[in-house]
Amino acid sequence: MTTAPAPSPADALELLLAGNRRFVAGAPQHPNQDAARRAETAPGQRPFAVVFGCSDSRLAAEIIFDQGLGDLFVVRTAGHVAGPEVLGSIEYAVSVLNCPLVVVLGHDSCGAVAAARAAVADGVGTTGYVRDVIERVTSSVLAAQAAGLTADDDIIAEHIRHTTDILTDRSRVLADQITAGRTAVAGLSYRLADGSARLVTTRGPVATAAVQTGT
């Protein structure tokens, strides 16, 4: 495994956004996906970003950001709801693997958000553990409505911001890494139709240039 220094949080965000631009343009490079990379990463991993995203089958992080083996530490749950296992996984990535960037990845037409909106509007619920997912998303929907937001994109963005707040508020490890300037968090919203990832929110040391690239 190579020992090149990890990128800065801003550079890590730019690496992701540049890969997404290649994906959108239909010109992916498919980096780090050959036998040499497989052999290189077998002894250990040094991903440059954590991607905490929705489990939606159309949201495969290595594809939409044009990355390869060992590049991304991926955590996924329906509606990107964050429980102890998610927080522990992210803390491992930033404190043990030294990932300089954590991404919260939401998307339009999210089924979990749609179900939460229906539950708020009509009292339409479900059973089993799916109900727990919907209940965790409902707080984002209520916050969006309290702010006068009604459009799907706006509610999705509010849910991304809410998840970002949960990560930084509940994880002292992540908060300390951000304060020390070693890690940043970026919330991105993915559009299913065109494949683009739009920057919604950031926490920590992300340079202006990288932020502007994602808008």
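Data block above holds the structure.
As the structure is a prediction and not an experimental result, all values here were calculated from the model.

> So what about the packing of aromatic side chains? Which residues, and what values?
Two descriptors summarise a pair of aromatic rings, namely the distance from one centre to the other and the angle between the planes of the rings. Within this structure, the stated rule accounts for 1 aromatic pair. Residues Phe73 and Tyr92 carry aromatic rings whose centres are separated by 6.1 Å and whose planes lie at 45° to one another, so their mutual orientation is tilted. One end of the pair, Phe73, is in strand E2 (residues 72-77); the other, Tyr92, is in helix H4 (residues 84-95), and 19 residues separate them in sequence. In this structure Phe73 comes out as buried when scored by relative accessible area, which is 16%. The class of Tyr92 is partly exposed, set by a relative accessible area of 38%.

> Please give an account of unusual backbone geometry that cites residues and values.
Note: most residues except glycine have negative phi, and most peptide bonds are trans. Located in the positive-phi region is Asn32, a residue other than glycine, with phi close to 55°. If you trace the backbone, Asn32 turns up in the loop between helix H1 (9-25) and helix H2 (35-41). Given the relative accessible area of 30%, Asn32 is considered partly exposed. We note that His80 has phi near 40°; this positive angle belongs to a residue other than glycine. Looking at the element boundaries, His80 is found in the loop between E2 and H4. For His80, a relative accessible area of 3% gives the class buried.

> Any chance you could break down the sheet that holds E2 for me, citing the residues and the numbers?
The mixed open sheet is built from 5 strands, whose spatial order is E2-E1-E3-E4-E5. The two strands at the open ends of the sheet, each matched to only one other strand, are E2 and strand E5 (197-203). The mean angle between the axes of side-by-side strands here comes to 20°, regardless of whether they run parallel or antiparallel. Relative to strand E4 (residues 184-190), strand E3 (residues 101-107) runs parallel, the two being bridged by 7 bridges. From the neighbouring strand, Val104 faces E4, where its bridge partner is Gly187. Here helix H7 (residues 152-170) sits on the sheet in contact with strand E1 (49-54), E3, E4 and E5, set at roughly 35° to E5.

The rules we used
- Residues numbered from 1 in each chain as written.
- Predicted model: local features only at pLDDT ≥ 70, side-chain atom pairs only at ≥ 80, totals over all residues.
- Heavy atoms only, no water.
- Phe/Tyr/Trp six-rings, centres within 6.5 Å; stacked < 30°, edge-to-face > 60°.
- Helix = DSSP H or I, 4+ residues; strand = E, 2+ residues; numbered from the N terminus.
- Buried < 20%, exposed > 50% of the residue type's maximum accessible area, 1.4 Å probe, protein only.
- Pairing = 2+ DSSP bridges.
- Axes fitted to C-alpha atoms, helices over the stretch in contact; angles between N-to-C directions.
- Contact = heavy atoms within 4.5 Å.

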